[in-house]
Amino acid sequence: MDRPLRLLAGPEAIRRIREEGLHEDLFDVVAGASGGPKWLSLTRLDRAIFGRWFRQRTRPLAMVASSIGGWRFACVARRDPVEACRRFEEYYLDYTVEPPVTPARLTADCRGILEVILGETGAEEILSHPAMRLAILAVRGKGPIGRPHPLGMGAGLAAAALANGISRRSLPLFFERTLIYDARSRPPFDCHRGFPTQPVPLTPQNLVPALLASGAVPFVFEPVPELHGARPGLYLDGGIMDYHLDIPYQAPGLVLYPHFSDRIVPGWFDKALRWRRPDPRNLSRTLLVCPSPAFLAALPGGKVPDRTDFRRLPTPERLRVWRAAVAETQRLADAWSEAVETGRAPDLLEPLPG
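Owing to the predicted nature of the structure, the values given are computational and were not obtained by experimental measurement.

Q: I tried to follow the overall build of the protein chain on my own but got confused; where do I start?
A: Summing up its helical and strand segments, the protein chain has 14 helices and 10 strands in all. For a compact globule of 354 residues, the expected C-alpha radius of gyration is about 20 Å, and the protein chain comes in at 19 Å, within 12% of that figure. Here the protein chain holds 354 residues, and 58% of them are scored as buried. In the protein chain, of all internal contacts separated by at least 6 residues, the share reaching a separation of at least 24 is 79%. Total accessible area computed for the protein chain in this model is approximately 14800 Å², and 56% of it derives from carbon and sulfur atoms. Between the averaged position of the 46 positive side-chain charges in the protein chain and that of its 39 negative side-chain charges there is a distance of 5 Å.

As C-alpha cells, this is what we get:
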C-alpha cells in the first residue's frame with residue numbers, strides 16, 4: 001500500500017537520523033515555502049509537528065519563510081500553535097471574493113486574515129517566544145520595479161524573467177533580497193552568499209507589513225510602500241527570489257522542511273524552468289516532508305489547492321473541493337505521528353533529489 005507521506009533527506013540528514021533517530025533536537029531550522037493556497041495541504045501536518053515538537057524548547061529554532069510560509073510560521077510561533085493553525089485554516093477555507101477583484105481589495109482582505117492570525121497578542125507572543133525565531137523573506141524592487149507605475153513594473157518584471165532564464169545571478173539587478181528577522185538570534189543563513197541581503201530587525205511595527213510584503217505577488221496584491229527599519233522602496237513577494245528557499249543555511253543542526261511537493265523550485269521565475277535545480281550544498285542537512293504522488297493523485301482534481309482554483313471553479317465548488325482536500329490531509333498528520341512514535345522514520349527515508 002502506498003504511504004501518504006514521504007521523508008526525503010539529504011546525505012547529512014540521512015546519516016544523522018539513522019544514527020540518532022528522528023527527534024526534535026536534531027533541528028535548528030524550519031523552512032516554509034511560498035505557494036499561496038497550496039499551504040492547505042500542510043495545515044494538519046503543521047498541527048501534528050508543532051503540536052508535539054518544540055513546545056518545551058528554549059534553544060533558538062530559526063523559522064525562515066517566504067510568502068504563505070511566513071503566515072504559517074506566525075501561527076506556530078504562538079503560545080498555542082494548534083489553535084492558531086486551526087483558526088487560520090477555518091478562516092482561509094471560508095474565504096470568498098466576488099467581482100470586482102482588485103489588488104486593493106485583496107490586500108485589504110489579507111490584512112483581515114492577519115488580524116485573525118495575530119489577534120491582540122500575536123506580535124508580542126511571536127517576539128517573546130522562548131524558542132521560535134521568525135525570519136520573513138521579501139524583496140525590494142529596483143529601477144522601474146521599485147516605482148508604483150504598472151507599465152514600468154510590468155516591463156521590469158518581464159526583463160527580470162528574461163534575465164533569470166539566463167542566470168539567477170541576474171536577479172539582484174532587479175530586486176534586493178530583504179530578510180526581516182527576530183534579532184534575538186543571528187539570521188539562519190549566510191546573507192552574503194548568493195544574493196546580497198538587506199537584514200532588517202523584526203519589530204511589532206513591521207511584523208504585519210513584512211508578512212504582507214512577503215506575499216505581495218505583483219499585480220495580484222499591492223506592494224508594501226514602507227517597511228519600518230528597512231530602506232525606502234516598494235516591497236514585494238519574497239518568493240520572487242526565494243520561492244522554495246534554495247538558501248545556504250548556517251545552523252549546525254538539520255533543517256526541517258514540511259513541503260507540498262518533492263520539487264524545490266529556487267525562484268518564482270523558475271517554475272517553468274525544469275532544468276533549474278537547487279544547489280545540492282543547501283540540501284545536505286534537509287529533511288523534506290511531503291505528500292506522496294499517490295496521495296496527491298487521490299485528492300479532488302488530483303492536486304493540492306492552488307490559486308488557479310479561484311478562476312476555474314465556482315465559489316461553492318471551490319469551497320467544497322478545498323474542504324475535502326484538507327480533510328484528506330489528516331492522513332499526512334497521522335502518518336507523521338506514526339513514523340515518529342514507532343521509531344520507524346529512519347527506515348522510511350529516501351534520498352532527496354538534487
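Q: Just checking my understanding: could you explain the packing of aromatic side chains for this structure?
A: Applying the stated criterion across every chain yields a total of 14 aromatic pairs. Ring plane angle 90° and centroid distance 5.4 Å describe the contact between Trp39 and Tyr92, whose orientation is recorded as edge-to-face. With Trp39 in the loop between strand S2 (27-32) and helix H2 (43-52) and Tyr92 in helix H4 (residues 81-93), the pair connects residues that are 53 residues apart, well separated along the chain. Each member of the pair, Trp39 together with Tyr92, is buried. Arranged with centres 5.3 Å apart and planes meeting at 85°, the rings of Phe310 and Trp322 form a pair that is edge-to-face. One end of the pair, Phe310, is in helix H11 (residues 309-312); the other, Trp322, is in helix H12 (residues 315-328), with 12 residues separating them in the sequence. Ring pairs connect the aromatic residues Trp39, Trp71, Phe88, Tyr92, Tyr95, Phe310 and Trp322, which therefore count as one cluster. In this structure, Arg318 is placed above the aromatic ring of Trp322, and the distance from its NZ or CZ to the ring centre is 4.6 Å.

Q: Teacher, can you tell me more about the environment of Gly215 here?
A: Assignment of secondary structure puts Gly215 in the loop between helix H8 (207-214) and strand S7 (235-237). Residues Gly215 and Leu313, spaced 98 residues apart in sequence, show a C-alpha to C-alpha distance of 23 Å. Every residue in contact with Gly215, bar those within four places of it in the chain, is listed here: Ser67, Phe221 and Asp237.

Q: Explanation requested: the pairing of strand S9 (residues 286-291) in the structure shown.
A: Regular strands place side chains that alternate from one sheet face to the opposite one. Within S9, 6 of the 6 residues are buried, which leaves it mostly tucked inside the rest of the structure. Note: strand S1 (residues 5-9) against S9, 5 bridges, orientation antiparallel. Looking at S9, one finds that Arg6 is bridged to Cys290. When strand S8 (residues 254-258) meets S9, the two strands line up parallel, connected through 4 bridges. When the sheet's bridge partners are listed, Tyr257 is paired in S9 with Leu288.

Q: What am I meant to see in unusual backbone geometry here?
A: The bulk of non-glycine residues show a negative phi, and the bulk of peptide bonds are trans. A cis amide bond links Pro99 to the next residue, Pro100, at an omega of 0°. By secondary structure assignment, the location of Pro100 is in the loop between H4 and helix H5 (103-118). In this structure, Phe54 is a non-glycine residue whose phi angle is positive, near 65°. Position of Phe54 among the secondary structure elements: in the loop between H2 and strand S3 (61-66).

Parameters at a glance
Residues numbered from 1 in each chain as written. Predicted model: local features only at pLDDT ≥ 70, side-chain atom pairs only at ≥ 80, totals over all residues. Heavy atoms only, no water. Helix = DSSP H or I, 4+ residues; strand = E, 2+ residues; numbered from the N terminus. Rg over C-alpha atoms; globule rule 2.2 N^0.38 Å. Buried < 20%, exposed > 50% of the residue type's maximum accessible area, 1.4 Å probe, protein only. Contact = heavy atoms within 4.5 Å. Areas by Shrake-Rupley, 256 points an atom, 1.4 Å probe, with all protein chains shown as cover. Lys, Arg positive; Asp, Glu negative; His and termini not counted. Charge placed at Lys NZ, Arg CZ, Asp CG, Glu CD. Phe/Tyr/Trp six-rings, centres within 6.5 Å; stacked < 30°, edge-to-face > 60°. Lys NZ or Arg CZ within 6 Å of the ring centre and 35° of its normal. Pairing = 2+ DSSP bridges.

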